[in-house]
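The primary structure of each chain is shown beneath.
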Amino acid sequence: MTNSNDFLTSPSTIGILGGGQLGQMMALSAKEMGYKVGILDPTPKSPAAQVSDFQIVAEYNDKDALKKLAEKSDVLTYEFENVDQDSIKDVQNKVLIPQKLNELSITSHRKREKDFLFNNNLPVVNYQYVNNVDDLKLAVDIIGFPSILKTCEGGYDGHDQIDLNDQEDVIKAAEKINGREWILEQKVNFDKEISIMVARNKDNQIETFPLSENIHKHHILHTSIVPARVDDKVHKNAEKVAQKIAEKLELIGVLGIEFFLLPNDEIIVNELAPRPHNSGHYTIEACNISQFEAHIRCICGLSLPKITMDHHSVMVNLLGDNLTLARNELKDNPAWHLHDYGKAEIRPERKMGHITVVGDSIEDLLKEVKQFE
Ligand code: AMP
């Protein structure tokens, strides 16, 4: 375990909270660089643990388990934002935690996240905080229809979201809201959903990855097309917004930013993810370094190269049984870069793996993966 000149050299140990596919791809990058990796996850042989040095099998909020991981690690990171922040505070004196708690606190709570964006003059949808039925009525008066009620904490991929189109929906929603924090946001009529990954290290070096165009199905990311087929000025604007967010958050590591693109080419930030993001998986094959390597480099105090992209790319998520289809057809599809996360159980709509294809023509690339539409 070496810690010299403020950066961590291999074979220091990186502890990752969470053993899913994001943790797995972070671990793979870290292992390539010679680091040791430990995972905390309740599922034995989790995807990340399959490619790591050790796993502590325990719930994410198990304080003793986190203490154990901290004691065995030189640096700690996480693959999701719903980390128990009190537990993290408890181990701050035992291990390096480069990502600021403030970043977690903001990005794990929709109101704090939207307030952060609004207060920094960053583009955000109209929203109102809702904690009880009176708040809801007032919020509906201000935001109007159509709108979406979202829980402040815990929701993802469209979970815990209620569409409000009329007063009847409001009455139904009113029965569900008490005891939780929500925000009501205006439903935006967007042309496209796009996203960008930004990386920042402690020397304030900031690098952005190319903008991705994302197609969702049932609220779950289905396909990412890179570079996004949008006007040049949208690319530049997204980069500018990403740089500002990285600075204001004092980001260390990689952050994913999801945007709505409006018909007039304005962009609105929908969500921040303080970690590598599903729509950035293409970076593994298409860029000089992947979002996962960038994250590892940042949390270990290393510099970043300027990000370059050699190929256009299309990434398609393999949800549920599409993994079986991909496994069976891989033999005759040499262009596919198949990533099989090694999850024990295939469940409908579960992210089981993904395929990336790279080349010159987006149209041809979309044809390569059309059976997963
Ligand atoms: P979220 O969990 O906030 O990322 O929302 C999941 C998906 O719901 C997004 O990717 C959008 O397709 C849709 N969505 C969320 N918020 C809005 C909004 N304010 N206006 C329109 N669509 C939205």
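Whatever comes next refers back to the structure up there.
Quick caveat: nothing in here was measured; it's all calculated off a predicted structure. (Residues numbered from 1 in each chain as written. Predicted model: local features only at pLDDT ≥ 70, side-chain atom pairs only at ≥ 80, totals over all residues. Heavy atoms only, no water.)

Caption draft 1: Molecular detail of the pairing of strand 17 (residues 312–319). Of all eight residues in strand 17, seven are buried; the element is thus mostly enclosed. For strand 17 and strand 19 (residues 351–359), the ladder comprises eight bridges, and the chain directions are antiparallel. Within strand 19, the residue paired with Leu-319 across the bridge is Lys-351. (Buried < 20%, exposed > 50% of the residue type's maximum accessible area, 1.4 Å probe, protein only. Helix = DSSP H or I, 4+ residues; strand = E, 2+ residues; numbered from the N terminus. Pairing = 2+ DSSP bridges.)

Caption draft 2: Structural context of the sheet that holds strand 4 (residues 36–41). Ordered in space as 5-4-3-6, the four strands form an open sheet in which the pairing is parallel. With partners counted over all chains shown, the strands left at the sheet margins are strand 5 (54–57) and strand 6 (75–78), one partner each. Strand after strand, the sheet turns through a mean of 20° between neighbouring axes, direction not considered. Note: strand 3 (residues 13–17) against strand 4, five bridges, orientation parallel. In the sheet register, Leu-17 faces strand 4, and the bridge partner there is Leu-40. (Axes fitted to C-alpha atoms, helices over the stretch in contact; angles between N-to-C directions.)

Caption draft 3: Geometry of helix 5 (residues 110–119). By the burial criterion, the buried members of helix 5 are Arg-110, Glu-113, Lys-114, Asp-115, Phe-116 and Leu-117. Phi turns positive one or two residues past the end of helix 5, at Asn-121, with a value near 60°.

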